[in-house]
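One-letter residues, chain by chain:
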Amino acid sequence: MNTLFFPNNQQDKYERSVQFFSTTSNASRTPSPQPLSRKGRGAFRVVLRRLKVNRTAEGQYNLFSSSAAPGLTLPAKAVELDFYYGWARLMAINAEEVPGLVERMPAFPQGVTKVLDLASRPECAPKALVQVIEHDPVMTMKVLKLVNSAYFGLSRPINSIKHGVVYVGINTIKNLALSIAAIGMLPKSNKAGFDMNQFLTHSLGVASVAKLLATHLGVADKDATDFFVAGLLHDFGKVVLAQFKPEEFRLCLDHAAEQERSLHEVERETQGISHDEIGGRLAEAWKLPPALAHAIHHHHHPELGAEEANDGMCEAVFAANQIVRSLGFGDAGNHLIADFPPSVSERFGSDLSGLMSALGDLSGEMEKARLFTQL
């Protein structure tokens, strides 16, 4: 039988996992609510392989702490179960941790924070918002670059924020400033190995399709950009996890891919909380409008969102997410395409295939979305 070793920095994790498993009853093992399936154990073989621990031909693991120490031979199934439950317990995110994780994300620039504050006041005049944005030369340049791009396709050049408000509306200008700031917050790299360029491409695709669906639902142009922002930010909870819980997030990504399951379900099963809830809390911490925070929080469960809001934003973001996955535009770590729940089918009067047929060729929308990556 081959001699197998743990890397030095991983053996302690395994031993703590086994200790937890051996001293805990089945009833209190967390977080899996159901017995782990053979396919589930297979997912965690991936993790064991990443730790350089392989199965023998006899279906066992022969574990050594050093080349001179006596070995411990265990049945593979027992090791995989031990590892799953123990590692999952170590991975679980306490509810008390979440506010701290959210607070570690960068804050919006002062000008954007001021814009959001002013926009939340019914008595606020557009002139005040224009003055705040124009006070930030970099933001002004980027907003004007977008307003004059093919994304809007205006017939004449726009030379000032004030001029832009006349043509595209103050809400659109506000949302452009918000979107530019959010994109600027994305980290260049992370220890989870999560591809932020692909993530941004996916997010912009969802944003563009969500805005298109808003128009499809009869939402006024001045409000359709709210749907764009909700689509752009819907997965930002993943950014929090990739940055501040990289090992746990990487394991969820691998598990979801191996089992062909939805990432948010795996996150909730193993961590106790999923990226959609974390994203909703991030939106609240950033003091985004309640409708946006609500849509972000419920983008995987629009039927729950519909119980509290009837603006169609939750349903639009959910549908846009599935459409962009179907098109293979970008990659946010979850390739599973979900069926439309009744609330979404009723909202659009169609299933996913029918809605995509009704929207027609979306390649132009996807290319326009890329304009935001060129700022």
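Coordinates for the structure precede this section.
Given the structure is predicted, the values throughout are model-derived calculations rather than measurements. (Residues numbered from 1 in each chain as written. Predicted model: local features only at pLDDT ≥ 70, side-chain atom pairs only at ≥ 80, totals over all residues. Heavy atoms only, no water.)

Asks: With reference to specific residues and values, describe the overall build of the protein chain.
Replies: In terms of regular secondary structure, the protein chain is built from 21 helices and three strands. Residues counted as buried form 53% of the 375 residues belonging to the protein chain. Once local pairs closer than 6 in sequence are excluded, the contacts in the protein chain between residues at least 24 apart make up 69%. Element-wise, carbon and sulfur atoms account for 50% of the exposed surface of the protein chain, whose accessible area totals about 17400 Å². (Helix = DSSP H or I, 4+ residues; strand = E, 2+ residues; numbered from the N terminus. Buried < 20%, exposed > 50% of the residue type's maximum accessible area, 1.4 Å probe, protein only. Contact = heavy atoms within 4.5 Å. Areas by Shrake-Rupley, 256 points an atom, 1.4 Å probe, with all protein chains shown as cover.)

Asks: Can you explain the side chain of S203? Please cite residues and give values.
Replies: Inspection of the secondary structure puts S203 in helix 10 (residues 196–216). By relative accessible area, which is 0% here, S203 ends up buried. Once residues within four sequence positions are removed from consideration, S203 is found in contact with G231, L232 and H234.

Asks: Any details on the nonpolar core? Residues and values, ideally.
Replies: Ranked by internal contacts, the top residues of the largest apolar core, which has 97 residues, are F108, V143, L213, F236 and L288. Per element, the largest residue contribution to this core is ten residues, and it comes from helix 10. The residues touching V143, leaving out its near neighbours within four places in the chain, are I161, I173, L176, A177 and I180. (Core = buried A, V, L, I, M, F, W, Y, C linked by side-chain atoms within 4.5 Å.)

Asks: Summarise the side chain of T201; cite the residues concerned and give the values.
Replies: As for its position among the elements, T201 is in helix 10. Residue contacts for T201: discarding those within four places in its chain leaves F329, G330 and R370.

Asks: Can you explain the layout of surface pockets? Please cite residues and give values.
Replies: Within this model, the largest pocket holds a volume of roughly 300 Å³. Lining the largest pocket are 13 residues, and of these I183, G184, L186, K188 and L200 lie nearest its centre. Contributing elements (two or more residues each) for the lining of the largest pocket: helix 9 (170–184) and helix 10. Of the residues assigned to the lining of the largest pocket, the class counts are eight nonpolar, three polar and two charged. Estimates place the volume of the second largest pocket at around 240 Å³. (1 Å grid on protein atoms, 1.4 Å probe; cavity = no way out; pocket = protein on both sides within 12 Å on 5 of 7 lines; lining within 4 Å. Points joined across faces, edges and corners; volume = space filled by probe spheres on them. Nonpolar A, V, L, I, M, F, W, Y, C, P; charged D, E, K, R; others polar.)

Asks: If you had to explain helix 20 (residues 352–359) to someone new, which residues and values would you point to?
Replies: L352, L355 and L359 are the residues of helix 20 that are buried. For helix 20, the angular spread of buried residues about the axis comes to 65°, placing them on one side. Residues of helix 20 that are exposed and point more than 90 degrees away from the buried face comprise S353, S357 and A358. Considering only its buried residues, helix 20 is in contact with helix 10, helix 18 (313–327) and helix 19 (342–348). In the stretch just after helix 20, G360 is the one whose phi turns positive, near 75°. (Arc of directions from axis to C-beta.)

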